[in-house]
Amino acid sequence: MTLQVNLLPEARILKLQAQARKRTANTIMILTGIVTVTIIATLLLLLGYTYSLYQANESRISTIKKDIATQQDMEQKAATLQENLASFAELQKSRLYVSEIFVNLSKIVPNDIKLSSFKISEDYIVSVSGTAPSFAAVSSFSKALQEYNLNFKPQANLERKALFSDVVIASVSKESGSGDSSVKFNMTFKVDPSLFNQAVNQ
């Protein structure tokens, strides 16, 4: 039979037990603190990484938006330019080459007839006014217009047909205060559209 004898006083035993419990509590607290700090540090790192990603994405989005805005501006300018070019092309197609009329008209107008105005409409109707030495001169000018490029001064570079037609002498009147037989006249005639086509092809 073994006999155990407690040589330490009861107070000492209690003190040692309290110290052991305290060491255990301290160890648990330290471990808990380390785990807590580790978790907090990890969360902070994750937050920092997430924020840096957010900033990078924001910067990229901003750059993309600027690129899109620039491209939209360029596309708008390109579309505007294309519309302007199309309008210019249409304008060029519909433009009247009046110089061709002047070139041919100058071959018809007699030296004694002076033209003071010239107008042309979109349907190729020309209106002219001026002065002539007589009624007969106005009539001769009218006939010359109708015969031009046919029986009168046919042009080698033009098709043999009337370039000026439907000649109408709108009015002829004696010049007031004139001591001679000079007259004022107004006349209209139509220009063949092929004259303008000829100008385009030259």
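Bear in mind the structure is a predicted one, so any value in this text is a computation, not a measurement.

(A) Up close: a nonpolar patch on the surface. A cluster of nonpolar residues, Val-35, Ile-39, Leu-43 and Leu-46, forms a patch on the protein surface that exposes about 370 Å² of accessible area. Using a relative accessible area of 48% as the deciding quantity, one classes Ile-39 as partly exposed.

(B) Representation of the confidence of the model for the protein chain within the structure. The predicted model of the protein chain has a mean per-residue pLDDT of 79, with 82% of residues at 70 or higher. Mean pLDDT across the elements of the protein chain ranges from a minimum in helix α4 (residues 194–201), with 57, to a maximum in strand β4 (residues 183–191), with 93.

(C) How the structure looks around the pairing of strand β2 (residues 125–132). Note that strand β1 (residues 114–120) and β2 share six bridges and pair antiparallel. Across the sheet, the residue bridging to Phe-118 is Val-128, located in β2. The hairpin formed by β1 and β2 contains four residues between the paired strands, and Tyr-124 there has a positive phi angle of roughly 65 degrees. Summarising the sheet, β2 and β4 pair through eight bridges and their orientation is antiparallel. Opposite Ser-127, over in β4, you have Thr-188 as the bridge partner.

(D) Molecular detail of the side chain of Asp-192. Relative to the helices and strands, Asp-192 resides in the loop between β4 and α4. What makes Asp-192 buried here is its relative accessible area of 19%. Contact partners of Asp-192, with chain neighbours within four places excluded, come to Lys-161, Ala-162 and Leu-163.

(E) Broad picture of the environment of Ser-181. If you trace the backbone, Ser-181 turns up in the loop between β3 (164–174) and β4. Residue classification places Ser-181 among the partly exposed positions, given a relative accessible area of 40%. Along the primary structure Ser-181 and Ala-132 are separated by 49 residues, whereas in three dimensions their C-alpha atoms are 8.7 Å apart.

(F) Molecular detail of the nonpolar core. Residues Ile-108, Phe-141, Leu-145, Phe-164, Met-187 and Phe-189 are the most contacted members of the largest nonpolar core, which totals 24 residues. Of all the secondary-structure elements, those providing two or more residues to this core are α2 (98–105), β2, α3 (135–147), β3 and β4. Other than its neighbours up to four places away in sequence, Leu-145 contacts Leu-105, Ile-108, Phe-164, Val-167, Met-187 and Phe-189.

(G) Molecular detail of the packing of aromatic side chains. Following the criterion strictly, the structure yields four aromatic pairs and no others. With 6.3 Å between their ring centres and 75 degrees between their planes, Phe-141 and Phe-185 make a pair best called edge-to-face. Highlighted residues: Phe-141 in helix α3 and Phe-185 in strand β4, separated in sequence by 44 residues. Summarising the burial analysis for this pair, Phe-141 and Phe-185 share the class buried. The interplanar angle of 35 degrees and the centroid separation of 5.8 Å between the aromatic rings of Tyr-148 and Phe-164 together place this pair among those described as tilted. Placement of Tyr-148 in the loop between α3 and β3 and of Phe-164 in strand β3 is noted, with a sequence separation of 16 residues between them. In this structure, Tyr-148 and Phe-164 share a single accessibility class: buried.

(H) Summary view of the pattern of salt bridges. One pass over the structure, following the stated rule, counts two salt bridges. With a shortest N-O distance of 3.8 Å, Glu-159 and Lys-161 are connected by a salt bridge. Relative accessible area serves as the criterion here: at 55%, Glu-159 is assigned to the exposed category. A salt bridge links Lys-161 to Asp-192; its shortest N-O distance comes to 3.5 Å. Separated by 31 residues along the polypeptide, Lys-161 in the loop between α3 and β3 and Asp-192 in the loop between β4 and α4 bring together distant segments of the chain. The class for Lys-161 is partly exposed, based on a relative accessible area of 24%. Here the residues in one salt-bridge network are Glu-159, Lys-161 and Asp-192, joined through shared partners.

About the cut-offs
- Residues numbered from 1 in each chain as written.
- Predicted model: local features only at pLDDT ≥ 70, side-chain atom pairs only at ≥ 80, totals over all residues.
- Heavy atoms only, no water.
- Patch = residues over 30% accessible without salt bridge, like charges linked within 9 Å, V, L, I, M, F, W, Y side chains within 5 Å.
- Areas by Shrake-Rupley, 256 points an atom, 1.4 Å probe, with all protein chains shown as cover.
- Salt bridge = Lys/Arg side-chain N within 4 Å of Asp/Glu carboxyl O.
- Buried < 20%, exposed > 50% of the residue type's maximum accessible area, 1.4 Å probe, protein only.
- pLDDT = per-residue confidence, 0-100.
- Helix = DSSP H or I, 4+ residues; strand = E, 2+ residues; numbered from the N terminus.
- Pairing = 2+ DSSP bridges.
- Contact = heavy atoms within 4.5 Å.
- Core = buried A, V, L, I, M, F, W, Y, C linked by side-chain atoms within 4.5 Å.
- Phe/Tyr/Trp six-rings, centres within 6.5 Å; stacked < 30°, edge-to-face > 60°.

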